[in-house]
Amino acid sequence: MLKLTYVSHSTFILEDGQNTLIIDPFFTGNPTATISIDSVKPNFIVLTHAHGDHLGDALSLAKKHDALIIAVNELANYCAANGCKAHNMHIGGAYNFPFGRLKFTIAHHGSSTNDGQYMGEPAGVLINMGGNLVYHTGDTGLFYDMKLIGELNPIDILLAPIGDNFTMGIDDAVQATKFVDPKLVIPMHYNTFPVIEADPNEFKSKVEKIGKKCVVMQYGETIVFDE
Ligand code: NI
Ligand code: MN
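Undergrad: How do you make sense of the nonpolar core when you look at a structure like this?
TA: Burial of nonpolar side chains together is a common tendency in soluble globular proteins. Core analysis: the biggest nonpolar cluster contains 77 residues, and Leu14, Ile69, Ile70, Leu75, Leu102 and Ile127 have the highest contact counts within it. For this core, the element with the highest residue contribution is helix H5 (residues 170–180), accounting for six residues. Setting aside chain neighbours within four positions, we find Ile70 in contact with Phe44, Ile45, Val46, Leu47, His87, Met89, Phe97, Phe99, Leu102 and Phe104.

Below, the structure written as C-alpha cells:
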C-alpha cells in the first residue's frame, strides 16, 4: 500500500504504513499549501535540489522530527552542516532504505540556496515504496533519457512539472509521459505563482489523447495505491 498526498507545488507525502517520506517540503511562503506543516511528521525527507521552493522547510522539519534527509552529496553536506541527519547520494546511485530502494536521476536545472551557494547537481528521484515505483522528476526540462529511465524501470506513478518557465511546460510534459510510459501521471509545479500558471486539465486531456492516464490531484488530496 502506498498513500500519496499532494501538498501542492512539488511537495508530496508518501506513506507505507510504517514510514512517512516527504519530497521537497515547501510550506512556508507557499500560497497553495492547505495542509499545515504541524500535521506532517516525516521520518525521511527527499530533496531534488536546493531552490527555495524545494529545500523549503526541510531543515526545520528534519530537526523537529529527527528525520533523515536524502539528497545529492553537496546538498546533503549543507543539511548536515546545518544540524540535520543526512544521507549523501548522487545521480545514478541507488540505496536500500527501510521504506524501499531510492535512486537519483539526472534533471536539467540548477541548484543553489536562496543566499546563492551552489549545491551541486539538481536531480530527479525514483522511489520504490509500498509496492509502487514513483518517479518524481524534480524541476527539469524535457530530456530524451527519460525514455531510458522508463525502459529500465516500470514506473507506476510519474510526477511531472507542467508550469513552464523554470521547467517543462504542458507539451513537453506530455512528451515526457510518452517517454517514461508510466501507469499514471500526476502534474505538479504549476499555479503556485503567476509565472508558472498552467491548466492541469489541458495537460490531462493531452495525456489522454496519447492513451495514458492522468490524475489532477487537488491540494491536500490523498490517493491510496495498492501493491
Ligand atoms: Ni528549481
Ligand atoms: Mn521549483
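Undergrad: Sorry, what's going on with the sheet that holds strand E4 (residues 44–46) here?
TA: Strand pairing in a sheet relies on backbone hydrogen bonds, with the paired strands running either antiparallel or parallel. Judged by pairing direction, the sheet is mixed, and its seven strands sit side by side in the order E6-E5-E4-E3-E2-E1-E13 without closing on themselves. Each edge of the open sheet carries a strand with a single partner, namely strand E6 (85–89) and strand E13 (222–225). Strand-to-strand, the axes of this sheet are offset by a mean angle of 20 degrees, without reference to chain direction. Here four bridges tie strand E2 (residues 11–15) to strand E3 (residues 20–23), and the two strands are oriented antiparallel to one another. Paired with Ile13 across the strands is Ile22, a residue of E3.

Undergrad: For this particular structure, what's the right way to read the sheet that holds strand E7 (residues 94–97)?
TA: Pairing is mixed in the open sheet, where six strands are placed in the order E7-E8-E9-E10-E11-E12. Edge strands, defined here as strands with exactly one partner in the open sheet, are E7 and strand E12 (184–188). When strand polarity is set aside, the average angle formed by the axes of neighbouring strands in this sheet is 20 degrees. Across five bridges, strand E8 (residues 100–106) lies against strand E9 (residues 123–129) in antiparallel orientation.

Undergrad: Where do I start with the coordination of the manganese ion (ligand 2) in this structure?
TA: A four-donor tetrahedral metal ideally has 109.5 degree angles, and a six-donor octahedral metal ideally has angles of 90 or 180 degrees. Donor atoms from the polypeptide that coordinate the manganese ion (ligand 2) comprise Asp53 (OD), His54 (NE2), Asp139 (OD) and His189 (NE2), at 2.1 to 2.2 Å from the metal. Positions of the donor residues of the manganese ion (ligand 2), expressed as sequence spacing, correspond to D-H-x84-D-x49-H. In this structure the nickel ion (ligand 1) is found 3.2 Å away from the manganese ion (ligand 2), and Asp139 serves as a bridging donor for the pair. Residue Asp53 is found in helix H1 (residues 52–55), and its partner His189 is found in the loop between E12 and helix H6 (200–209); the two are separated by 136 residues along the sequence.

Undergrad: How do you make sense of the pairing of E8 when you look at a structure like this?
TA: If a strand is regular, its side chains alternate between the two faces of the sheet. Bridge analysis of E7 against E8 gives four bridges, and the strand direction is antiparallel. Each bridged residue has a counterpart across the sheet, and for Ala94 the counterpart in E8 is Lys103.

Undergrad: Whenever I open this one, the layout of surface pockets confuses me. Can you help?
TA: One simple way to see leftover space: roll a probe sized like a water molecule over the atoms. When its volume is computed, the largest pocket comes out at roughly 150 Å³. Surrounding the largest pocket, Ile91, Gly92, Lys103, Phe104, Thr105, Ile106, Leu126, Asp145, Leu148, Ile149, Leu152 and Asn153 form its lining. Secondary structure elements with two or more residues in the lining of the largest pocket: E8 and helix H4 (146–152). By residue number, the principal contributor to the lining of the largest pocket is E8, which donates four residues.

Undergrad: Before we go on, may I ask you to explain unusual backbone geometry in this structure?
TA: In terms of backbone geometry, most residues other than glycine have negative phi values and most peptide bonds are trans. Even without being a glycine, His189 presents a positive backbone phi close to 55 degrees. When its relative accessible area of 1% is taken as the criterion, His189 is described as buried. Of note, Asn191 is a non-glycine position whose phi angle comes to about 65 degrees, a positive value. Tracing the sequence through the fold places Asn191 in the loop between E12 and H6. The exposure class of Asn191 is partly exposed, given its relative accessible area of 30%.

Undergrad: Sorry if this is basic, but what is going on with the coordination of the nickel ion (ligand 1) here?
TA: Those protein atoms acting as donors to the nickel ion (ligand 1) are His49 (NE2), His51 (ND1), His109 (NE2) and Asp139 (OD), and they sit at 2.2 to 2.3 Å. Metal-centred angles of 87 to 175 degrees between the four donor atoms at the nickel ion (ligand 1) mark the site as irregular. One chain supplies every donor to the nickel ion (ligand 1), and in sequence these donors are spaced H-x1-H-x57-H-x29-D. His49 sits in the buried class, given a relative accessible area of 1%. The class for Asp139 is buried, based on a relative accessible area of 2%.

Undergrad: Quick question: what am I supposed to make of the pattern of salt bridges here?
TA: Side chains that carry opposite charge are capable of pairing whenever their charged atoms lie near each other. Applying the stated criterion across every chain yields a total of nine salt bridges. Between Lys64 and Asp38 there is a salt bridge, with the nearest N and O atoms lying 3.5 Å from each other. Here the residue Lys64 occupies a position in helix H2 (residues 58–65), and Asp38 occupies one in the loop between E3 and E4, the gap between them amounting to 26 residues. Residue Lys64 is classed as exposed on the basis of its relative accessible area of 53%. Where Asp181 meets Lys212, a salt bridge forms, and the shortest distance between an N and an O atom there is 2.7 Å. Pair noted here: Asp181 is in the loop between H5 and E12 and Lys212 is in the loop between H6 and E13, with a separation of 31 residues, a long-range link. The class of Asp181 is partly exposed, set by a relative accessible area of 49%. Judged by its relative accessible area of 18%, Lys212 is buried. Three or more residues joined by partner-sharing salt bridges are found here, namely Asp171, Glu202 and Lys206.

Cut-off values and rules
- Residues numbered from 1 in each chain as written.
- Chains lettered and ligands numbered in written order.
- Predicted model: local features only at pLDDT ≥ 70, side-chain atom pairs only at ≥ 80, totals over all residues.
- Heavy atoms only, no water.
- Core = buried A, V, L, I, M, F, W, Y, C linked by side-chain atoms within 4.5 Å.
- Buried < 20%, exposed > 50% of the residue type's maximum accessible area, 1.4 Å probe, protein only.
- Helix = DSSP H or I, 4+ residues; strand = E, 2+ residues; numbered from the N terminus.
- Contact = heavy atoms within 4.5 Å.
- Pairing = 2+ DSSP bridges.
- Axes fitted to C-alpha atoms, helices over the stretch in contact; angles between N-to-C directions.
- Donors = N, O, S within 2.8 Å, 3.2 Å for Na, K, Ca; no water.
- 1 Å grid on protein atoms, 1.4 Å probe; cavity = no way out; pocket = protein on both sides within 12 Å on 5 of 7 lines; lining within 4 Å.
- Points joined across faces, edges and corners; volume = space filled by probe spheres on them.
- Tetrahedral: all angles 85-135°; square planar, octahedral: opposite > 155°, others 65-115°.
- Salt bridge = Lys/Arg side-chain N within 4 Å of Asp/Glu carboxyl O.

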